[in-house]
Amino acid sequence: MSFFRHGVRPRSGRAEKERGASSQVVRFENVFMRYDGGPVILRDVSFELEPGSFHFLTGGSGAGKSTLLRLMYLGARPVSGNIRLFDRDISGIRRAERPAMRRRVGVVFQDFRLIPHLSALDNVALPLRIAGTREALIREHVPELLAWVGLSGHLDALPATLSGGQQQRIAIARAVIGRPNLLLADEPTGNVDDRIAIRLLYLFEELNKMGTTVLIATHNESLVKRFDHPRLHLEGARLSRVQMPSAAAPARPGNAAARPA
Amino acid sequence: MWGRNDLALARDPSTRFLPGLLAVLVYLAALAAVGGLTAQGFVSDWDRRLAGSLTIQIPPTLNTGDDASRAASAERRDAVLRLLKVTPGIADARPIPEADSAALLEPWLGPELVRTLPLPLLVDVRLAQSQPLDRESLAERLENAAPGTTLDDHARWLADAQALARSVAVTGLVVIALVSMAAVLAVVFAVRTGLGVHRNEIEVLHLIGAPDRFIARQFQRHTGRLAAVGGVIGSILAIITVIALRWTATDTTAVTGPAGFATLIASIDFGLRDWLAVIALPVAATVISTLTARASVMLSLARLP
Ligand SMILES: Nc1ncnc2c1ncn2[C@@H]1O[C@H](COP(=O)(O)OP(=O)(O)OP(=O)(O)O)[C@@H](O)[C@H]1O
Ligand SMILES: [Mg+2]
């Protein structure tokens, strides 16, 4: 996966990671969340994601997984409580600072959110272009990553001409291409078969090995069981840690073997 | 391809009217500019020709026709010329031949009357550039040398012409200002519409870390390009119009002789300044549209939560 090794990342987050080894990538303190006039979706939620950690986020449909992720990529504000992202209280982040903050977070949206009139290649290239990466590097790495997710034959395809699973893989490629410090993937394997799902999980693990903190919201129990990572579970608007085999440790190479949860 | 088209604004119907509209606006602005510059050109031309000159008018003696009065007139003229020759500030004084002044009046008075009427003697005076002329004392001494002699420095006539030309130029500026305002409003409208149409893409761009200026860049490039196309078309049409006007005007003068309006148009000299104006206008339209698009996007986006 040379698209990671060669350091496509326009602004290396490595220094920050080493410097802030003791700090949290994400930290929720007594967070309450509800949409205007709606029911409470998160009640008194507190947790943290250590740098380099890999978590699954589970919970029934409508439990609030997407909402929790949305709070982390600054797509919504909590009703009350504190959220810290990269050691900054998000309530203190000015509008002008948000883009730089968001560039450190890669998001696979549940509904993909691809730009409809951009080709697969241009969609994936977006984060790099926003960051001002040289076009030569983009031309080199984006096709490589797209090939890895099995889309080498569709570089110039518009999203609408691709299947749901293919669109999803474009969304994943776009989220990881910039080697973010934090990867939030919302049901990233919902539209692909198990074989591709496993391949995509390996991609996330590869990214995780390079230091990215990963959080994957999923319904896919067999996938959660197959990969040995701690799980956060949402139910009744409350969040709990289901299992914590090796707290805060990044997924070690080779521990991706199936292990009962 | 990239960088110009990432929001696919080119396919956005909300900006489709911009090139046509800007062509019309630049066309109007160009004609206004050429009109204003031409008016200014006339005035400075007259100014240059007349500023260094005076006309001295020596009234005829009353009883006409006889040799005595003719001699008296000549004597008065010579006295004036002698006086002018020694007056500091005067480079040259030349009596206008009687035949010439008669020819000037003939169209109005008819040949008969011109021949019998006593005409004033005119002296064309060119002023020296190195030395100022004391008009008061000259007028006084002229009165002594030849009573009734008047001194006309064309000031009143020139002032009238200048006022007229200035109002033409101001009108031109007002037209250009209005046209610029219309262009700004059109761009603001187009950009606002485009922001609405692309609301979802813009939200995604924001979520993946695009700063407002990245989004603004898409709009300003696209708008600038459309404005440049429209501006060049408008400018070319304006040039064609001016050339056509001149051509028809020259044509009619040849056939029908001097006619006020046609002469005026025929004398439009499409000079360097006009060319500069006509080239500058599409550039200005492009710059104004680009800056307006940028400001408009930045302000609209800053209002988002
Ligand atoms: N933008 C919104 N405005 C109002 N209510 C919303 C909004 N988004 C989500 N909700 C509500 O919040 C609740 C949680 O939604 P959320 O999308 O977070 O669930 P989820 O766990 O991601 O579900 P799924 O597994 O089906 O994706 C739902 O009841 C939903 O109706
Ligand atoms: Mg969801």
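Calculation rules
Residues numbered from 1 in each chain as written. Chains lettered and ligands numbered in written order. Predicted model: local features only at pLDDT ≥ 70, side-chain atom pairs only at ≥ 80, totals over all residues. Heavy atoms only, no water. pLDDT = per-residue confidence, 0-100. Contact = heavy atoms within 4.5 Å. Phe/Tyr/Trp six-rings, centres within 6.5 Å; stacked < 30°, edge-to-face > 60°. Buried < 20%, exposed > 50% of the residue type's maximum accessible area, 1.4 Å probe, protein only. Lys NZ or Arg CZ within 6 Å of the ring centre and 35° of its normal. Helix = DSSP H or I, 4+ residues; strand = E, 2+ residues; numbered from the N terminus. Polar contact = N/O pair within 3.5 Å; in protein donor to acceptor, adjacent residues only side chain to side chain. Pairing = 2+ DSSP bridges. Donors = N, O, S within 2.8 Å, 3.2 Å for Na, K, Ca; no water. 1 Å grid on protein atoms, 1.4 Å probe; cavity = no way out; pocket = protein on both sides within 12 Å on 5 of 7 lines; lining within 4 Å. Points joined across faces, edges and corners; volume = space filled by probe spheres on them. Nonpolar A, V, L, I, M, F, W, Y, C, P; charged D, E, K, R; others polar.

Time to look at the confidence of the model for chain A. Overall, the predicted model of chain A reaches an average pLDDT of 86, with 84% of residues at or above 70. Counted against residues more than four places away or in other chains, residues 246-261 of chain A, with its pLDDT under 50, gives 29 contacts.

Bringing the packing of aromatic side chains into the picture now. All names here are of chain A. Going through the model one piece at a time under the given rule, you end up with five aromatic pairs over all chains. Considering the side-chain rings of phenylalanine 54 and phenylalanine 56, the 5.8 Å spacing of their centres and the 65° angle between planes classify their relative orientation as edge-to-face. Exposure class is identical for phenylalanine 54 and phenylalanine 56. Each is buried. Over the ring of phenylalanine 109 we find arginine 113; its NZ or CZ atom is 5.3 Å from the centre of that ring. Its guanidinium or amino end placed over the ring of tryptophan 148, arginine 199 lies 4.1 Å from that ring's centre, counting from NZ or CZ.

Once that is clear, we can look at the side chain of arginine 129 of chain A. All names here are of chain A. Structurally, arginine 129 can be placed in helix H5 (residues 120-131). What makes arginine 129 buried here is its relative accessible area of 7%. Of the polar contacts made by the side chain of arginine 129, one reaches the side chain of glutamate 135; its length is 2.3 Å.

Bringing the pairing of strand E6 (residues 105-108) of chain A into the picture now. Residue and element names in this part refer to chain A. By the alternation rule, side chains of E6 split into Val105 and Val107 and Gly106 and Val108, which are all buried. The sheet contact formed by E6 and strand E7 (residues 182-186) spans four bridges and is parallel. Bridge pairing in E7 places valine 107 opposite leucine 184.

Looking now at the coordination of the magnesium ion (ligand 2). Residue and element names in this part refer to chain A. Every protein donor of the magnesium ion (ligand 2) is listed here as Ser66 (OG) and Gln110 (OE1), and their distances to the metal cover 1.9 to 2.1 Å. In this pair, serine 66 sits in helix H3 (residues 65-72) while glutamine 110 sits in the loop between E6 and H5, placing the two residues 44 residues apart along the sequence. Residue glutamine 110 is classed as partly exposed on the basis of its relative accessible area of 41%.

Taken as a whole, the largest pocket holds about 800 Å³ of empty space. If you go around the largest pocket, you meet 32 residues; those closest to its centre are Arg98 and Arg102 of chain A together with His206, Leu304 and Pro305 of chain B. Of all elements in the fold, only helix H4 (98-103) of chain A together with helix H6 (155-197), helix H7 (199-207), helix H8 (212-256) and helix H10 (272-302) of chain B reach the threshold of two or more residues within the lining of the largest pocket. Of the residues that constitute the lining of the largest pocket, the class distribution is 17 nonpolar, four polar and eleven charged.

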